[in-house]
Amino acid sequence: MTTVATVWLAELVDALGGDGVLTDPDVTSAYARDQAMLAEAGTPAAVVFPRCTDDVVAIMRVAARHGIPVVPRGAGSGLAGGANAVDGAITVVLTRMDAVLEISEADRLVVVQPGVVNKALRDAVAGSGLFYPPDPSSYDWCTIGGNLATNSGGLCCVKYGVTTDYVLALEVVLADGRVLRTGRRTVKGVAGYDLARLFVGSEGTLGIIAEATLALRPAPQRPVTLAATFATTAQTGQVVERVVTTGLVPSLLEVMDNTCIRAVDDLLKADLDRDAHALLVAQSDAGGEAAAREIEALAGLCREAGAQFVHTTEDPAEGDLLLQARRMALPALAQLGSTLIDDVAVPRSRIAAFLDGCDAIAAARALTIGVVGHAGDGNMHPTICFDPADADQRERAFAAFDDILELGLSLGGTITGEHGVGTIKLDWLEREIGPVSLEVHRSIKAALDPAGLLSPGSVFRYTAGRGGTLKA
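Here's what I pulled together on the structure shown here. (Residues numbered from 1 in each chain as written. Predicted model: local features only at pLDDT ≥ 70, side-chain atom pairs only at ≥ 80, totals over all residues. Heavy atoms only, no water.)

## As for helix 9 (residues 258-268)
Applied cut-off: Burial classes: relative accessible area under 20% of the type maximum marks a residue as buried, over 50% as exposed, and values in between as partly exposed (1.4 Å probe, protein chains only). The helix count covers DSSP runs of H or I at least four residues long, the strand count covers runs of E at least two residues long, and both are numbered beginning at the N terminus. Only heavy atoms matter for contacts: two residues are in contact if any of them lie within 4.5 Å across the pair. For this analysis, a polar contact is any N or O atom pair within 3.5 Å, provided that within protein one partner can donate a hydrogen and the other can accept it, and provided that sequence-adjacent residues contribute only side-chain to side-chain pairs.
Within the sequence span of helix 9, burial applies to Cys260, Ile261, Ala263, Val264 and Asp265. Where helix 9 is buried, its residues contact strand 13 (252-257), strand 14 (278-284), helix 11 (316-327), helix 12 (329-334) and strand 18 (368-374). Two or three places before Thr259, at the start of helix 9, stands the capping residue Asp257, its side-chain oxygen 3.2 Å from that residue's backbone nitrogen. Looking one or two residues beyond helix 9, the residue adopting positive phi is Lys269, at roughly 55°.

## What about the state of the cysteines?
Rule in force here: The rule for a disulfide is simple: a pair of cysteine sulfur atoms within 2.5 Å.
The tally for this structure, following the rule as stated, stands at zero disulfides. Sulfur of Cys302: no disulfide; nearest cysteine sulfur belongs to Cys260 and is 18 Å away. Considering cysteine sulfurs only, Cys260 is the nearest to Cys385, which forms no disulfide, with 8.2 Å between them.

## Quick word on the pattern of salt bridges
Let me state the cut-off plainly: What makes a salt bridge here is a side-chain nitrogen of Lys or Arg within 4 Å of a carboxyl oxygen of Asp or Glu, nothing more.
Within the structure shown, the criterion is met by 21 salt bridges. Taking the shortest distance from any N to any O, the salt bridge between Asp135 and Arg122 comes out at 4.0 Å. Of this pair, Asp135 sits in the loop between strand 7 (130-131) and helix 5 (144-150) while Arg122 sits in helix 4 (residues 118-126), placing them 13 residues apart in sequence. Look at Asp135 and you get buried, because its relative accessible area is 5%. Salt-bridge contacts for Arg181 lead to Glu171; the nearest nitrogen and oxygen are separated by 2.9 Å. Linking Arg181 in strand 9 (residues 179-183) with Glu171 in strand 8 (residues 167-173), this pair joins segments that are ten residues apart in sequence. The class of Arg181 is exposed, set by a relative accessible area of 61%. Its relative accessible area of 8% is what places Glu171 among the buried residues. Each of Arg122, Asp135 and Arg327 takes part in one network of salt bridges that share partners.

## Topic: the pairing of strand 6 (residues 109-112)
Applied cut-off: Note: two strands are recorded as paired if DSSP finds a minimum of 2 bridges between them.
Side chains Leu109 and Val111 project from strand 6 onto one buried face, and the interleaved Val110 and Val112 project onto a second face that is buried too. The pairing of strand 5 (residues 100-104) with strand 6 spans four bridges and is classified as antiparallel. Note on strand 6: the bridge partner recorded for Val100 is Val112. The antiparallel hairpin formed by strand 5 and strand 6 contains four residues in its connecting segment, where Arg108 sits at a positive phi of about 50°. For strand 6 and strand 10 (residues 208-215), the ladder comprises four bridges, and the chain directions are antiparallel. Its bridge partner lying in strand 10, Val111 is registered against Thr213.

## Quick word on the packing of aromatic side chains
In plain terms, the rule: Pairing of aromatic side chains requires ring centres within 6.5 Å, counting the rings of Phe and Tyr and the six-membered ring of Trp. Pairs whose planes differ by under 30 degrees are stacked, by over 60 edge-to-face, and all others tilted.
Using the criterion set out here, one finds three aromatic pairs in the structure. A ring pair is formed by Phe131 and Tyr160, whose centres lie 5.4 Å apart and whose planes are at 80°; its orientation type is edge-to-face. In this pair, Phe131 sits in strand 7 while Tyr160 sits in helix 6 (residues 157-160), placing the two residues 29 residues apart along the sequence. Pairing Tyr132 with Tyr166 gives two aromatic rings, centres 6.1 Å apart and planes at 70°, and the pair type is edge-to-face. Taken together, the residues Tyr132 in the loop between strand 7 and helix 5 and Tyr166 in the loop between helix 6 and strand 8 connect sequence positions 34 residues apart. Across this residue pair, the class does not change: Tyr132 and Tyr166 are buried.

## Here we look at the sheet that holds strand 1 (residues 21-22)
One key point about sheets: their strands pair by backbone hydrogen bonds, in either a parallel or an antiparallel sense. This is how it is decided: Only the stretch in contact is used when fitting a helix axis, every axis being a line fitted to C-alpha atoms; angles between N-to-C directions are given from 0 to 180 degrees.
The strand order across the open sheet built from four strands is 1-2-4-3, with neighbouring strands paired in mixed fashion. Only two strands of the sheet have a single partner each, and these edge strands are strand 1 and strand 3 (70-73). Note: strand 3 against strand 4 (residues 90-93), four bridges, orientation parallel. Among the inter-strand pairings, Val71 is bridged to a residue of strand 4, identified as Thr91. Relative to strand 4, helix 3 (residues 53-66) is tilted by about 170°, and along the sheet it contacts strand 2 (46-48), strand 3 and strand 4.

## Quick notes on unusual backbone geometry
Backbone geometry places Lys269, a non-glycine residue, at a positive phi of 55°. We classify Lys269 as exposed; its relative accessible area is 66%. Here the phi dihedral of Ala366 falls at roughly 55°; this positive angle occurs in a residue that is not glycine. Of note, Ala366 is situated in the loop between helix 13 (351-365) and strand 18. For Ala366, a relative accessible area of 57% translates into the label exposed.

## Comments concerning the packing of helix 14 (residues 391-410) against helix 15 (residues 426-448)
For clarity, the cut-off: The labels follow the angle: roughly parallel below 35 degrees, roughly antiparallel above 145, roughly perpendicular from 65 to 115, and oblique for the rest. Residues are grouped as follows: nonpolar covers Ala, Val, Leu, Ile, Met, Phe, Trp, Tyr, Cys and Pro; charged covers Asp, Glu, Lys and Arg; every other residue, Gly included, is treated as polar.
For the pair helix 14 and helix 15, the least separation of the axes is 12 Å and the interaxial angle reads 10°. In terms of orientation, helix 14 lies roughly parallel with respect to helix 15. Of the residues in helix 15, those in contact with Asp402, Leu405, Glu406 and Leu409 of helix 14 are Trp428, Arg431 and Glu432. Of the residues assigned to the contact of helix 14 with helix 15, the class counts are three nonpolar, no polar and four charged.

This is how it looks when you write it as structure tokens:
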């Protein structure tokens, strides 16, 4: 180890204590990547575990003094490589900052550190009759900091929106160690630029979120659940369109294609209809007769579209079983081989076209592709299953990944609805947002992180230039 490295490592140990800094490669390798297993990852020089904002400040001051790259990380549930390590960097693991600092029933807000697990937050506020809606499929282990970094969505977005819709205020440690407090505790507030939402979805490239003030909702009512199967994608798409045009707002509207149905049935032995081309799962949490009416109206739309099977239930346990089938779609597909998970969102009117397009890509590339997604907001997760040890399959899988992104853009969609750009979609961001928008991104990055220390290589390509200018 060089003398310079010894100096900055000693400074980190002084700031965090010996149990807060890891350097053994056999241990730090566990923090080198997120769930995007095929995204490139480097080897961190140190993995550190802050417990408070002051610890994060100390880390960033050491990094800024010595020019060391820093990669913030939560639980590692990301699917775009955004938390993957960079050679020689400091990986900042925020899971020990896991305190729920305040719950205010009167103001319907909660103040948390970034390491709080999404489900733990839900459980913490439930006793107050309140509810934190964003619910990524990994809600039982992903952290709020990671959700904020990627602006995560989840199953209930169709009614409740995504993470950014619940951000009132943030405490952010900037690249030079200064602490930015932005936002407010009030329901309304338009003083200055909306800096809080600038950091939401920035994937750790602009600062490290050390505390968040989040809005809460009243707890939802007992849900009523629907499951319906269809013989064609056109029927499925028709139902989704009719849900929108008739003004129905279910709390959840999810879709699985036949590949996912079969994979989940193999895993759970759930007696699903293996011949169905698509499965829709919906819920209403409006409560009582209102929920029953909403689901019955949705059931009517399914029958009008020619659904093969429609089932509704007011039993929460049965509803949970139906949701479990949806939540297990990605783990079930993983049983078929290594997976490349895409994250394309398209207009809801183009969902059927997107499903058909993915079938065509699977056939053309001779690969298994299962599609599961949030039909209510058009965010689809095509998942490519393949053997990475087979060079030909690997090449076809990456080609299919690009085909899917191209398909999404051609239908008026976006390359990522909730997982982020990370490191696996760098080449696609400019194609979507254009050169002017990309230059604005770079200007913002240069203003907040002129040395390019935070999450280098994520979101877009840049290098620190003279005078703090970031160049492609």
